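Chain and residue survey
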Amino acid sequence: MIPVEFDYERAESLDDAIARLAATGGEGKLLAGGHSLVPLMKLRLSEPSSLIDISRIAGLSGIREKDGKVEIGATTTHHEVQQSELLRRLCPVVPEAAGEIGDPQIRHKGTLGGSLAHADPSADMPAVVVALGAEVHIKGPGGWRAVAAEDFFQDLFTVDLGPDEIIAGVQFRPLRSAGYAKLHQRASHYAIVGVAAALDVEGGVVRSARVAVTGASTHAQRLPNVEELLAGRPANAESIAAAAAVAGDTLEDVNVDLHASEEYRRAMVKVFTRRALERAAAR
Amino acid sequence: MSKKHITTRINGEDVEFLAEPGASLLAALRDELGLTGSKEGCNNGNCGACNVVFDGALVNACCVLAVEANGVEITTIEGVANGEELHPLQTSFLENAALQCGICTPGFIVAAKALLDKEPDADEARIRHWLAGNLCRCTGYDKIVRAVLDAAADMRRTPA
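Sequence order sets the numbering: in each chain, residues are counted from 1 along the sequence as written. Chains carry letters from A onward and ligands carry numbers from 1 onward, assigned in written order. pLDDT decides what is reported in this predicted model: residues at 70 or higher carry local features, side-chain atom pairs at 80 or more are listed and counted, and totals for whole chains, interfaces and linings draw on all residues regardless. Water and hydrogen atoms were dropped before computing side-chain values, which therefore reflect all heavy atoms in the structure.

1. Section: the overall build of chain B
Defined as follows: Strands here mean DSSP runs of E at least two residues long; helices mean DSSP runs of H or I at least four residues long; both are numbered from the N terminus. Radius of gyration here uses only the C-alpha atoms, and the compact-globule reference equals 2.2 Å multiplied by the residue count raised to the power 0.38. Each residue's exposure class comes from its accessible area (1.4 Å probe, protein chains only) as a fraction of the maximum for that residue type: buried when under 20%, exposed when over 50%, partly exposed otherwise. Residues are treated as being in contact if the distance between any of their heavy atoms lies within 4.5 Å. Each accessible area is a Shrake-Rupley estimate made with a 1.4 Å probe; only the visible protein chains count as cover when residues are assessed.
Secondary structure assignment for chain B yields five helices and five strands. Taken from the N to the C terminus, the helices and strands of chain B come in the order β-β-α-β-β-β-α-α-α-α. Relative to the 2.2 N^0.38 estimate, which gives 15 Å for 160 residues, the radius of gyration of chain B is 16 Å and therefore close to what a compact globule would have. Overall, the C-alpha framework of chain B stretches about 50 × 30 × 25 Å when taken along its three principal axes. Considering chain B as a whole, with its 160 residues, one finds that 50% of them fall into the buried category. Expressed as a percentage of contacts within chain B between residues at least 6 apart in sequence, the contacts between residues at least 24 apart total 55%. When the accessible area of chain B is evaluated, it comes to approximately 7,300 Å², of which 49% is carbon and sulfur surface.

Right, dumping it as structure tokens:
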């Protein structure tokens, strides 16, 4: 339970962090909250040569409204997201989901950027940012780029982020009519299944829906068949039930572990899709 | 790797120490600074026995690196009592027999204090939700929750 030896550096700015990361030749890792990384290092599943602490970089944390969008800095903690009055007013699904993460100790240290970069298959926030159609803003030695959240998550613990790149934050158009529903693993509070649903409703009719699942497969992903069944339908219980009934039918590589079999997970994807949609429609 | 010089403030006193980058804050508190009240349970962020308050935030000291503590203000279980006078939470844990083996108790008291300092009116549901990150394998939690509720009522009667 002791990590291999490594060096520790505190970055002063985003560019300083990028330069320090480059200097490690791909062997360094960024430290934000550390509540996933440090346990992995103790188990020697991760053996970086150096940790570059980005948790103190001014301007990398915080929640802002900008040009009709909301921007959350990468090192904003889950606790800060959960407590944000701005988010509760403009996009309540985000603080709702943040409050479902782990326990207070995890939420006080764990960060949004860290959760996305780590991409644990059972993490909550990946589903939320995919459902909201968020952009992940990334900076590397070559400058800035933005990736749609749904393209960012690629596979098990695998994301579109180079070893020399840093997530600076996420940006999305806030939406009130979105909800998150989660089946907790009772000890860890990871999602056995978690579903985020975002509805664009006008005059009682769903114009479009975005629904994303986490915990069920290798990575957070959309449920396109559910979204298609909702588009153009009345935003009521019947439409929701019909759409939720097909949730997960397109999923491949469904997770199987001691908490849930494939059959149970597939059944729960339907249940929690319905609950997330009901929550979204009620807002 | 060379040790780093860390300057911090623990329980109201300025403290300096040297730390290997790989040492957890828990290891530094216990092994370097002699503050053995914080316990090592799982050493992996699950059990809460090592809880300290880190710049106002309740954290698992086992998952914080000692080097992260540079410039940070920390409260450990040793900083909860006022000299010889026990904190209402400590008194309440004793009166409610809210412990058996006692290994989890420092973490529970630090965690409960972090809640009541910010939310003196926390109700039972809030307390249970807040203490989800603290594991006790002896008591079944009921006496712990009652002890926190009693302490909260006591603290509301006689604010510190």
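What follows picks up the thread again.
2. Section: the sheet that holds strand E1 (residues 4-10) of chain B
All names here are of chain B. For clarity, the threshold we go by: Any two strands with at least two DSSP bridges between them are considered paired. Simply put, an axis is a line fit to the C-alpha atoms, just over the touching stretch for a helix, and the angle between two N-to-C directions goes from 0 to 180 degrees.
One open sheet holds the five strands; their spatial order is E2-E1-E5-E3-E4, and the pairing between them is mixed. Each edge of the sheet is formed by a strand with only one pairing partner; in this case those strands are strand E2 (13-19) and strand E4 (57-60). Between one strand axis and the next, the sheet turns through 40 degrees on average, direction left out of account. Alignment of E1 against strand E5 (residues 73-75), held across two bridges, turns out to be parallel. Looking across to E5, one finds that Ile 10 is bridged to Ile 74. The strands that helix H1 (residues 25-32) touches are E1, E2, strand E3 (51-54) and E5; relative to E3, the one it contacts most, it runs at about 105 degrees.

3. Looking at helix H5 (residues 142-157) of chain B
All names here are of chain B. Spelled out, the test is: Each helix should span, by expectation, one fewer than its residue count multiplied by 1.5 Å. By definition, the arc is the one covered by directions from the helix axis to the C-beta atoms.
Between its terminal C-alpha atoms H5 stretches 23 Å, which fits the 22 Å expected from 16 residues at 1.5 Å a residue. Considered for burial, the residues of H5 that qualify are Ile 144, Val 145, Ala 147, Val 148, Ala 151, Ala 152 and Met 155. The arc that holds every buried residue of H5, seen down its axis, measures 155 degrees, which confines them to one face. On its buried side, H5 packs onto helix H2 (88-95), helix H3 (105-118) and helix H4 (124-130).

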